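This is what each chain is made of:
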Amino acid sequence: MLKNNKKTKKINVHIYPTDMLNEARIKKIVNTINSIQYFDHIYLLGINRNEELANHEKLNEKISIIRFPIDSNFWIKASFFKKIFSIIKFWLFILNFLIKNKPEVVNAHNLASLPPCIFYKVFYKHNIVYDTHELETERTGWSMVVKKIAKLFESFCIKFVNEIVVVNEPYAEYYKKKYNLDSLVVYNTPNYSQIKKHKYLHGKFNIRRKDKVFIYIGALSKNRGIEEYLNFFDNTKLNISLVFLGSGPLRDLIKKFELKKKNIYLHPPVNHLDVPKIISSADFSISVLRSRKTSLSYEYAAPNKLFESIMAGVPILSGGLKFEAEFVTNNNIGMPVNFDKFTPDIGSSIKKLIKLDYKLLEENCKKLSKIYNWENQEVKIKNYMLHLLNINN
C-alpha cells in the first residue's frame, strides 16, 4: 500500500508476555500492519520458556520475535506478588529495547506491557496503542487487592495512550464509562473461507453416523465447565458425542473418560489455521460454561472460537457467558445453556438445540461469516495505523 522512502528505519513493536507461539490474534494484526508497507521491521517482544525457544526468531524478512530470558511457566503459575520481580525485569528489557530501536508505534497487548511504553512515550513522543485482549483489570483469578493495584496502573497509563483497541462493544462501553475514552472494536475473527462440511471427526474416532458430534475447543483447564460436560456426556442416553480439542491440565481427566470407549474423545492440538476445518466436521460446537467464579472479563468476552464456529457453519451451544449467549440467541445460530442461578441444565438445553431447524442455524452462520471475518476487521487496523502515522490512505 505505502512505500517508505525515508532513510530512517521505521519500526513497529508489539509486546505481550508470552512465548508468542500461539498468539494468533497478534500475528494477524502484525501481518495486517505489515501489508501497509510502511515499516521496515516489526518486532514481537515476548518471554522465553526455560530457554527452550530461540531468543530471536525470524518469521519472515520483516517480522521477528524477540524473547527475553524470563520463564513463562513461572509467569503463568506464580502469584501476583511473586511475579513482581519478573514483571520489573520484563519492563527493563522492554524499555531498553524501545530506547535502542526507537519504534514509531508501540502496541501493548496487555496491562503488564503498558508501563514501559508510557515511560518511553514521555521521553520520545511516539505513538502507543493499548490493544487489550480482555478487560485487564477484571481478570479471572485476581484478588480484590490485585485488581485495585491494576486499576491504579491502568487509570494512570491509559491517559498517555493514542489508541485503545478492544475485542467487542461491551469492552468498549466499559472503557467509555470508566475513563470517558473511545475505543476501536476489532473482533478476533478468522479469515473468510467457504468450508465444506464433512465427517472427519466421525471417521477419526469411529463415531456412529447417527450420533450428533459436539466439539469443545480451547484451554482444558478448571473453571470452564469441562468437568460438568464430562459428567453429563458420560451419563446421557442421547445419541451424542463430545470431542475436546486443545491442551491443558485437564487432559489426563479427559483421557480417563475416553478410555471408557463410549462417547467422549480427545483430539491432539493442531495449528490454529486448521481449527475451522476440524470444527466444520462437528454438528455443534460447545463453549466455556458460566460459573460463580466467572470474571467480568470472561462474562463479556467475544471468544475467537465463537467466530471460528460461525465461519465453519457450525451452530453453537453457548455456555451462558453474557456476550456470547446474547450473540448466539440474537443471531439465531444456536442456543445458550439454561441455568437455575448458577446450576446448568445441560441436558434440556441440548435436547432443545437438537430439535431446532439445523439448516436455518447453518444458513445464519454462513450469513454472519460474511460480516465477522478478518478481511472486514483488518480495514479498521489499517485505518487507525495510517491515522497515527498521519498518512492519508
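Please read all numbers here as calculations on a predicted model, not as lab measurements.

Participant: Would you explain empty space enclosed by the protein in this entry?
Facilitator: Rolled over the atoms, a probe sized like a water molecule indicates the empty space that remains. Scanning the model with the defined rule gives one cavity of 30 Å³ or more in all. In this model, the largest cavity occupies a volume close to 30 Å³. Contributing to the lining of the largest cavity are Thr140, Asn223, Ser291, Lys293, Thr294 and Tyr298. Partitioned by chemical class, the residues of the lining of the largest cavity number one nonpolar, four polar and one charged.

Participant: Whenever I open this one, the state of the cysteines confuses me. Can you help?
Facilitator: As used here, a disulfide is simply a covalent bond connecting the sulfur atoms of two cysteines. Across all of its chains, the model carries zero disulfides by this definition. Of the cysteine sulfurs around Cys117, a residue in no disulfide, the closest is that of Cys157, at 8.9 Å.

Participant: For this particular structure, what's the right way to read the layout of surface pockets?
Facilitator: Space inside the second largest pocket adds up to approximately 180 Å³. Elements supplying a minimum of two residues to the lining of the second largest pocket: helix H12 (304-312) and helix H15 (358-369). Of all the elements, H15 adds the most residues to the lining of the second largest pocket, at six residues. Here the residues of the lining of the second largest pocket are counted per class, giving six nonpolar, four polar and six charged.

Participant: For this particular structure, what's the right way to read the nonpolar core?
Facilitator: What tends to happen in soluble globular proteins is that the nonpolar side chains get buried as a cluster. Ranked by size, the top nonpolar core spans 51 residues in total, and within it Val13, Leu45, Leu114 and Phe327 carry the most contacts. The residues contacting Leu114, other than those within four sequence positions of it, are Ala108, Ile128, Tyr130, Cys157 and Val161. Formed by 28 residues, the second largest nonpolar core is a distinct cluster that contains Leu220, Leu230, Phe232 and Val337.

Participant: What exactly am I supposed to notice about the sheet that holds strand S11 (residues 264-267) here?
Facilitator: Remark on secondary structure: sheet strands pair via backbone hydrogen bonds, oriented parallel or antiparallel. The six strands lie next to each other as S11-S10-S9-S12-S13-S14, forming an open sheet whose pairing is parallel. The open sheet has two edge strands, S11 and strand S14 (334-336), and neither has a second partner. Across the sheet, the mean angle separating the axes of adjacent strands is 25° when strand polarity is ignored. Here strand S13 (residues 316-318) pairs with S14 via three bridges, running parallel.

Participant: Explanation requested: the packing of helix H1 (residues 24-35) against helix H16 (residues 374-388) in the structure shown.
Facilitator: The relative placement of two packed helices is expressed as an angle between their axes plus a distance between the axes. Taken N-terminus to C-terminus, the directions of H1 and H16 make an angle of 60°; their axes are 9 Å apart at the nearest point. By the angle between their directions, the pair H1 and H16 is classed as oblique. In the packing of H1 onto H16, the handedness of the crossing is right-handed. The residues of H16 that touch H1, namely those facing Lys28, Ile29, Thr32, Ile33 and Ser35, are Trp374, Glu378, Ile381, Lys382, Tyr384 and Met385. Residue classes in the contact of H1 with H16 are distributed as six nonpolar, two polar and three charged.

Participant: I would appreciate a short explanation of a nonpolar patch on the surface in the present structure.
Facilitator: Among the surface-exposed residues, Ile84, Ile88 and Leu92 lie close enough to one another that they form a single nonpolar patch of about 260 Å² accessible area. Mapping Leu92 onto the fold places it in helix H3 (residues 80-101).

Participant: Is there a simple way to explain the sheet that holds strand S3 (residues 56-58) in this structure?
Facilitator: If you trace the eight strands from one edge of the open sheet to the other, you get S3-S4-S2-S1-S5-S6-S7-S8, paired in mixed fashion. For this open sheet the edge positions go to S3 and strand S8 (184-185), each flanked by a neighbour on one side alone. Contacts from H1 reach strand S1 (11-15), strand S2 (41-47), strand S4 (63-68), strand S6 (127-131) and strand S7 (163-166), with the element oriented near 165° to S2.

Participant: Quick question: what am I supposed to make of helix H14 (residues 346-355) here?
Facilitator: Because the α-helix completes a turn every 3.6 residues, residues three or four places apart line up on one side. Within the sequence span of H14, burial applies to Ile346, Gly347, Ser349, Ile350 and Leu353. All buried residues of H14 fall inside an arc of 165° around its axis, so they share one side.

Participant: What am I meant to see in the pattern of salt bridges here?
Facilitator: Pairing between side chains of opposite charge can happen when the charged atoms of each approach one another. With the rule as written, the count across this model stands at eleven salt bridges. Counted as one network, the salt bridges with shared partners bring together Glu138, Lys147 and Lys151.

Participant: Just to check I follow, could you spell out H12 for this structure?
Facilitator: Across the nine residues of H12, seven count as buried, placing the element largely inside the fold. What H12 keeps buried is the set Leu306, Phe307, Glu308, Ser309, Ile310, Met311 and Ala312. Backbone geometry just downstream of H12 places Gly313 in the positive-phi region, at approximately 75°.

The rules we used
Residues numbered from 1 in each chain as written. Predicted model: local features only at pLDDT ≥ 70, side-chain atom pairs only at ≥ 80, totals over all residues. Heavy atoms only, no water. 1 Å grid on protein atoms, 1.4 Å probe; cavity = no way out; pocket = protein on both sides within 12 Å on 5 of 7 lines; lining within 4 Å. Points joined across faces, edges and corners; volume = space filled by probe spheres on them. Nonpolar A, V, L, I, M, F, W, Y, C, P; charged D, E, K, R; others polar. Disulfide = S-S within 2.5 Å. Helix = DSSP H or I, 4+ residues; strand = E, 2+ residues; numbered from the N terminus. Core = buried A, V, L, I, M, F, W, Y, C linked by side-chain atoms within 4.5 Å. Buried < 20%, exposed > 50% of the residue type's maximum accessible area, 1.4 Å probe, protein only. Contact = heavy atoms within 4.5 Å. Pairing = 2+ DSSP bridges. Axes fitted to C-alpha atoms, helices over the stretch in contact; angles between N-to-C directions. Parallel < 35°, antiparallel > 145°, perpendicular 65-115°, else oblique. Left-handed = near helix turned anticlockwise from the far one by under 90°. Patch = residues over 30% accessible without salt bridge, like charges linked within 9 Å, V, L, I, M, F, W, Y side chains within 5 Å. Areas by Shrake-Rupley, 256 points an atom, 1.4 Å probe, with all protein chains shown as cover. Salt bridge = Lys/Arg side-chain N within 4 Å of Asp/Glu carboxyl O. Arc of directions from axis to C-beta.

Read these as spatial facts, not as claims about activity.
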